[in-house]
Amino acid sequence: MIRRDDVGQSAYELIEELYPICRSITGDGVRQTLDRLCNVVPLQVHEVPSGTRVLDWLVPDEWNIRDAWIKDDQGNRVVDFRSHNLHVVNYSEPIQRVVSRTELLEHVHSLPDHPDWIPYRTAYYKRDWGFCVSQRQLDSLKQSQYEVCIDSSLEPGHLTYGEVYLPGESERELVISSHVCHPSLCNDNLSGVCIAILLAQHWSKLPRRLSLRFLFAPGTIGAITWLARNRDQLDRILGGVTLTCLGDKSPFTYKRSWVGDSTIDRAAERSLKTSPYEHKCIDFFPYGYDERQYNSPAFRLPFGSLMRARHQQFDEYHTSADDLSFIDPTHLQQSYDLLNQLIQDLQNSHYFRNAAGEAEPQLGRRGVFPSLNGDADLQMAALWTLNLSDGNNSLVDVAERSNMPISLIEQAAKILNRFDLLMEV
Amino acid sequence: MIRRDDVGQSAYELIEELYPICRSITGDGVRQTLDRLCNVVPLQVHEVPSGTRVLDWLVPDEWNIRDAWIKDDQGNRVVDFRSHNLHVVNYSEPIQRVVSRTELLEHVHSLPDHPDWIPYRTAYYKRDWGFCVSQRQLDSLKQSQYEVCIDSSLEPGHLTYGEVYLPGESERELVISSHVCHPSLCNDNLSGVCIAILLAQHWSKLPRRLSLRFLFAPGTIGAITWLARNRDQLDRILGGVTLTCLGDKSPFTYKRSWVGDSTIDRAAERSLKTSPYEHKCIDFFPYGYDERQYNSPAFRLPFGSLMRARHQQFDEYHTSADDLSFIDPTHLQQSYDLLNQLIQDLQNSHYFRNAAGEAEPQLGRRGVFPSLNGDADLQMAALWTLNLSDGNNSLVDVAERSNMPISLIEQAAKILNRFDLLMEV
Amino acid sequence: MIRRDDVGQSAYELIEELYPICRSITGDGVRQTLDRLCNVVPLQVHEVPSGTRVLDWLVPDEWNIRDAWIKDDQGNRVVDFRSHNLHVVNYSEPIQRVVSRTELLEHVHSLPDHPDWIPYRTAYYKRDWGFCVSQRQLDSLKQSQYEVCIDSSLEPGHLTYGEVYLPGESERELVISSHVCHPSLCNDNLSGVCIAILLAQHWSKLPRRLSLRFLFAPGTIGAITWLARNRDQLDRILGGVTLTCLGDKSPFTYKRSWVGDSTIDRAAERSLKTSPYEHKCIDFFPYGYDERQYNSPAFRLPFGSLMRARHQQFDEYHTSADDLSFIDPTHLQQSYDLLNQLIQDLQNSHYFRNAAGEAEPQLGRRGVFPSLNGDADLQMAALWTLNLSDGNNSLVDVAERSNMPISLIEQAAKILNRFDLLMEV
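Residues numbered from 1 in each chain as written. Chains lettered and ligands numbered in written order. Predicted model: local features only at pLDDT ≥ 70, side-chain atom pairs only at ≥ 80, totals over all residues. Heavy atoms only, no water.

Chemist: Account for the overall build of chain A, with residues named and values stated.
Modeler: Assigned secondary structure in chain A consists of 12 helices and 19 strands. Looking at chain A as a whole, 63% of its 425 residues qualify as buried. When contacts within chain A are restricted to residue pairs at least 6 apart in sequence, long-range pairs at least 24 apart make up 80% of them. (Helix = DSSP H or I, 4+ residues; strand = E, 2+ residues; numbered from the N terminus. Buried < 20%, exposed > 50% of the residue type's maximum accessible area, 1.4 Å probe, protein only. Contact = heavy atoms within 4.5 Å.)

Chemist: Describe the sheet that holds strand β19 (residues 422-424) of chain B, naming the residues involved and giving the relevant values.
Modeler: Each strand in a sheet pairs with another by means of backbone hydrogen bonds, the pair being arranged parallel or else antiparallel. Residue and element names in this part refer to chain B. Strand order across the open sheet formed by 3 strands is β18-β17-β19, with antiparallel pairing between neighbours. For this open sheet the edge positions go to β18 (390-394) and β19, each flanked by a neighbour on one side alone. Pairwise comparison of adjacent strand axes, ignoring direction, gives a mean angle of 40° for this sheet. Bridge count between strand β17 (residues 351-354) and β18: 2 bridges; the pairing is antiparallel. (Pairing = 2+ DSSP bridges. Axes fitted to C-alpha atoms, helices over the stretch in contact; angles between N-to-C directions.)

Chemist: Break down the pattern of salt bridges for me, with residues and values.
Modeler: Two side chains that carry opposite charge are able to pair once their charged atoms sit near each other. Per the stated rule, a full pass over the model turns up 72 salt bridges over all chains. Between R300 of chain B and D390 of chain A there is a salt bridge, and its shortest N-O distance comes to 2.9 Å. With one member in each of two chains, R300 of chain B in the loop between α8 (291-294) and β16 (303-307) and D390 of chain A in strand β18 (residues 390-394) form a pair that bridges those chains. In this structure, R300 of chain B and D390 of chain A share a single accessibility class: buried. (Salt bridge = Lys/Arg side-chain N within 4 Å of Asp/Glu carboxyl O.)

Chemist: A description of the relation of the copies chain C and chain A should follow, citing residues and the corresponding values.
Modeler: Between chain C and chain A, the superposition needs a rotation of 120° and an axial shift of 0.1 Å, giving an RMSD of 0.1 Å. With respect to symmetry, the two chain copies, as superposed, fit the operation of a three-fold axis. Measuring from the rotation axis to each C-alpha of chain C, the shortest distance belongs to D261 of chain C, at 12 Å. (Least-squares fit on C-alpha atoms with pLDDT ≥ 70 in both.)

Chemist: If you had to explain the environment of D322 of chain C to someone new, which residues and values would you point to?
Modeler: Residues and elements named next belong to chain C. With respect to the helices and strands, D322 occurs in the loop between β16 (303-307) and α9 (329-347). Put simply, D322 and C245 are 77 residues apart on the chain and 9.8 Å apart in space, counted from C-alpha to C-alpha. Those residues in contact with D322, other than ones at most four positions away along the chain, are Y19, S184, L185, C186, N187, D188 and E316. Of note is the side chain of D322, whose polar atom sits 2.6 Å from the backbone nitrogen of N187. (Polar contact = N/O pair within 3.5 Å; in protein donor to acceptor, adjacent residues only side chain to side chain.)

Chemist: Please set out unusual backbone geometry residue by residue, giving values where relevant.
Modeler: Backbone torsion omega between D188 of chain A and N189 of chain A reads 25°, so that peptide bond is classified as cis. One can find N189 of chain A in helix α5 (residues 186-204). The phi torsion at L55 of chain B lies on the positive side, around 50°, for a residue other than glycine. Within the fold, L55 of chain B resides in the loop between β2 (53-54) and β3 (57-58).

Chemist: Give a description of the confidence of the model for chain A that names residues and reports values.
Modeler: On average, residues of chain A carry a pLDDT of 93, and 99% of them reach 70 or more. Confidence metrics for the complex model read pTM 0.62 and ipTM 0.77. (pLDDT = per-residue confidence, 0-100.)

Chemist: Can you tell me about the interface of chain C and chain A, naming the residues and giving the values?
Modeler: Every contact between the two is made by 20 residues of chain C and, on the other side, 22 residues of chain A. Carbon and sulfur atoms make up 50% of the surface buried where chain C meets chain A, a total of about 1800 Å² over both sides. In this structure, the connection of chain C to chain A is made through 4 salt bridges. Across the chain C-chain A interface, the total number found is 11 residue pairs in polar contact (both at pLDDT 80 or more). At the level of secondary structure, the elements contributing two or more residues to the side of chain C that touches chain A comprise α10 (376-388) and β18 (390-394) of chain C. No other element matches the 6 residues that α10 of chain C contributes to the side of chain C that touches chain A. Looking at the side of chain C that touches chain A residue by residue, the classes come out as 8 nonpolar, 6 polar and 6 charged. (Buried area = accessible area lost by both parts, 1.4 Å probe. Nonpolar A, V, L, I, M, F, W, Y, C, P; charged D, E, K, R; others polar.)

Chemist: Got a sec to walk through the packing of aromatic side chains? Specific residues and values, please.
Modeler: Applying the stated criterion to the full structure yields 33 aromatic pairs over all chains. Aromatic side chains W226 of chain C and Y294 of chain C sit 6.5 Å apart centroid to centroid with 75° between the ring planes, which places their arrangement in the edge-to-face category. Highlighted residues: W226 of chain C in helix α6 (residues 221-229) and Y294 of chain C in helix α8 (residues 291-294), separated in sequence by 68 residues. For the pair formed by W226 of chain C and Y294 of chain C, the shared burial category is buried. Members of the aromatic cluster, joined through ring pairs, are W57, W63, Y91, Y124 and Y125 of chain A. In this structure, K255 of chain A packs its charged tip against the face of F285 of chain A, placed 3.8 Å from the ring centre. The ring centre of W258 of chain B lies 4.8 Å from the NZ or CZ of R401 of chain A, which sits over that ring. (Phe/Tyr/Trp six-rings, centres within 6.5 Å; stacked < 30°, edge-to-face > 60°. Lys NZ or Arg CZ within 6 Å of the ring centre and 35° of its normal.)

Chemist: Explain the sheet that holds strand β6 (residues 95-100) of chain C to me, and be specific about the residues and the numbers.
Modeler: All names here are of chain C. Reading across from one edge, β5-β4-β9-β6 is the order of the 4 strands in this open sheet, with antiparallel pairing throughout. Taken across any chain shown, the strands that pair with only one partner, and hence form the sheet edges, are β5 (77-80) and β6. Each strand axis lies, on average, 20° off the axis of its neighbour in the sheet, ignoring direction. Bridging between strand β4 (residues 62-71) and β5 involves 3 bridges; their strand directions are antiparallel. Residue pairing for β5: W69 is matched across the bridge by D80.

Chemist: Residues and numbers for the interface of chain A and chain B, please.
Modeler: Tallying the contact residues gives 20 residues for chain A and 22 residues for chain B. If you look at where chain A meets chain B, you find 4 salt bridges. Summed over the shared surface of chain A and chain B, the result is 11 residue pairs in polar contact (both at pLDDT 80 or more). Class assignment of the residues belonging to the side of chain A that touches chain B gives a composition of 8 nonpolar, 6 polar and 6 charged.

Chemist: An account of the packing of helix α7 (residues 263-273) of chain B against helix α9 (residues 329-347) of chain B is requested, with residue identities and associated values reported.
Modeler: Residue and element names in this part refer to chain B. Packing of α7 against α9 leaves a shortest axis separation of 9 Å and a crossing angle of 130°. Relative to α9, α7 is oriented oblique. In this structure, the crossing between α7 and α9 has a hand that is right-handed. Taking contact as the criterion, the partners of T263, I264, A267, A268, S271 and L272 in α7 are, on α9, L338, Q341, L342, D345 and L346. The residue inventory of the contact of α7 with α9, partitioned by class, reads 7 nonpolar, 3 polar and 1 charged. (Parallel < 35°, antiparallel > 145°, perpendicular 65-115°, else oblique. Left-handed = near helix turned anticlockwise from the far one by under 90°.)

Chemist: With reference to specific residues and values, describe the side chain of H179 of chain A.
Modeler: Residues and elements named next belong to chain A. When you line up the elements, H179 lands in strand β11 (residues 173-179). A distance of 2.8 Å separates the side chain of H179 from the side chain of D188, its partner in a polar contact. With residues up to four places along the chain from it excluded, the contact list for H179 reads D188, N189, V193, A217, P218, G219, L243, T244, Y289 and D290.

Chemist: A description of the pairing of strand β14 (residues 252-255) of chain A should follow, citing residues and the corresponding values.
Modeler: Residues and elements named next belong to chain A. With burial as the criterion, each face of β14 is covered, one bearing F252 and Y254 and the other bearing T253 and K255. In this structure, β14 lies alongside strand β15 (residues 279-282), joined through 4 bridges in parallel fashion. What sits directly across from T253, in β15, is K280. Pairing of β14 with strand β16 (residues 303-307), which is carried by 3 bridges, proceeds in the antiparallel orientation. Across the sheet, T253 pairs through a bridge with M307, a residue of β16.

In structure tokens:
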């Protein structure tokens, strides 16, 4: 049971547990990860057979790996999958043989600028094999030949993804999506995954007006699979956010949906603006994470993306340096708080109509003033709420136009509601 | 008979006459005020019985006051309604008895920061009594008890408001609304009231395309009463302006309507921009004066508000310092001129269609050029007028888009009209 | 045959040939000019009889001139049409007689601020005669009388204009219009005329999606005549540009169409923005050249105007100083290149629909990646093209939204097309 008041620490500890698992876009690593998440809040786990056509794509064969190494002529493992799962190019096909140094180097990736870091490489959609090593390891490969072994399997199986669906009073749903396919990389994207599951846990216990859906799926192919299997229900979606890189110390970046000013965009920008955190908002572009798929022409679902460090723009991106030291509980907590606020704001996006009176209602006669405590701000919030509640403005819209905190608007709306002055539409 | 060329002085003199009257939201003070305004231009005066339901509100009992005082044990009036009507909390219920100093102080209001000023307080919608005094007066109340007397009545009667309706060629109307409920306060709002009546007088003698309506009603309850009684005719309203605080020396502020870019807003902003006066335009907010009611959700009538000093933002606001020395003829005149220009611009908002020719008409063949006097600006104004006159742009729109003075556009339109080159739509 | 790679020089040489001809809004000067243009690319030449009603206008009598002079009492030509055709007020009626110096001076125009320049004056629509001289010439007219002769004719004839219509796959057409009525003035507007004919020649040899129309017509009356005679086909027009003053060294100015954000406006602004040239974009106003007529209320055809020096804003405007030294091949070449790019961009304004897959198509499975050469920009261009190709965004729109060069977007679209991933709509 995770305590809400130290959710940053809880997220961090969950990341610690999940960090060693070797995930990929298919295979047991994803299953183990989803199993662990199930302990936080029950997930519905889906298995989709390899070869299934999903939109324009085909679900690939399933990849699993047990071990991998490069041995020198002494039999020493000079590169060892057991010490870091990034050492193997993700989706490498099985191999075991002696190769010349020259051939080996064609299959070895390193980062000359960061001699101690191991890069993260994949070969999802072409049959290949390879190793990722630190530049220092690479420099020490001086023998003329090495034995290489990748004890993997790449065979028909399944693609696995999970989702938590929390029905609300309304079928309209908000989707939180995080890619679950990366191996030992903390910020990208165990941070997103773990914050999402803790948000799911938190909101599973709260009354909900909007339905919430949390998706844990492998990048690209997972989102496409989900879209293909749920196309009949996409019109229920109010909007969504993809989560990534939420544990580091960078300022926040919100990447807008394709539409750019959807409810989710406005709510997210507002959550950021009223937060104490440094941030910026950027326009949509068709790169990054699964917001690419959700926003594509046939769907145009308004999905934004929330991140701290931006993919490809920080050195540690897709390297072994994106480890447990690159993130911390404090920044995870901030990210959680921000998203929690966003969900809460959207949950509170009630649309009201001014119920009594067509001009301002007579607050005095109705005894409303004592409830407003002589608080000038609260009174102003009440006037704004009454003025804008014509059925077309949510409380978030009231907060935006009045430039007052949503919490104050909600407080005012609650009081006005108590006096039957608002009517939800 | 008021001379147009010194209307600022006339407004000031009218304010001087009306200043001593003790107005409130009901009662004889309003009636006397409207009577005096009737001498400038005839008003239709309406009396609405107490208890009448108007939208969500009830017309309150009528309040009248004859005298009030606080006497010391020598029988001296240490506070005297006859010396300033602000001394009584407006709508105080009748009382006459001896009270302890302690009890008295619970009913006495002062302004410690301005020891010589008397505050203005009301108790419209709760039964109460009270006095407003200068801090110096308060400090001198050292006796242990005082006799207090408020010789008022608070009984079923009527709410009174007045209006001047000046029909134009069209039923479309522009509304000028000013609250008439304040006692001895000059800027707020005898300035608005007196400028309005002088504008009514001026326009009563001029040909009018638009109809004009001038409303003189008590704040809030008056506007709500008028809305309730005229709801079938509200669709005739092109827009309106509430007038307040127009006699002091502050720069102008135009507060936009809820819609923000209605015809009235654009015309008002344009009048200000082309005036020599310092000014700013601010967005609507549901506080201030009766624009709150006109812009409320069920009506959304585009009413802006014109003011100099802004309510609650100047020290003299709602105090005895808002007296005859706080305003002056020069600034009243500027306010009048600005509003007169606004009305004139709206009266001149003709919509034309280019009548002859679909491209530019052949001005030379038609002998138009001599009428344009070789004046390059006038010629340009004519070209803009011809170009934009497609039935959807008024002359004001032409002025806005061309960024030329409306007077020049009007002059050009008049010339083009003479040559049958424009057709009014 | 003009070589594309030195089109600036070719334009300059063509201007040199056309410079001596005395053009006007009618007459043989226009015919000779159009004849010469016919050698570059065949024109369809139209002759419209004097007196023909065209919209609100009447086609005027035709003006031709053979000679003109002012002779002193020695019989010397002190002002000689043969030395400069600007010496005669364009459309002067014939005259030959002795006039007093006083009478002569009423018919003589000069530029005191530029004592060596001859002004350009016209008298199209009123019967008059006159001479234009340098201030120095004027100062030397000291005799008491002179013989003046203008050997012109002003009689029923025709108005002449030419057009090149290059049909494309689509009937939608782009119009390039340049006024052809000015006598010996280089920048205004032999520069526009010659660049237009060279563009016509260039595009006559290229495949075209859009149809192209190049109009060479006298100012105002020519455009109006064309509009009157082609009103049934105006709905085919996507947009147009008037060309003027394109040979001098000023930065570019693009004057937007009345609409302001039409396809042509956005394409023109984009061409400028992606060009290396200094430039600005200004809003439409109903003065300048024939964009006035095309944008008039009954038509509202989105015609912008491209220029370097702006009419009336440079000293040489409408004077003999607008000669062959005021323009140069380099700046003509830039103007040509810019317009060529604009036409090309519009020709390439294909509207596609993402053909395969509703989210991103599986580029890997389809073997697209090798064609993208591992070029990150090209890959991004492909993703943008796929993302925005929903049938409502042209490739130009893709370039705008992605802020990538149109050439890269086109390259990406070509590759995607090859893999059947785009479907033209």
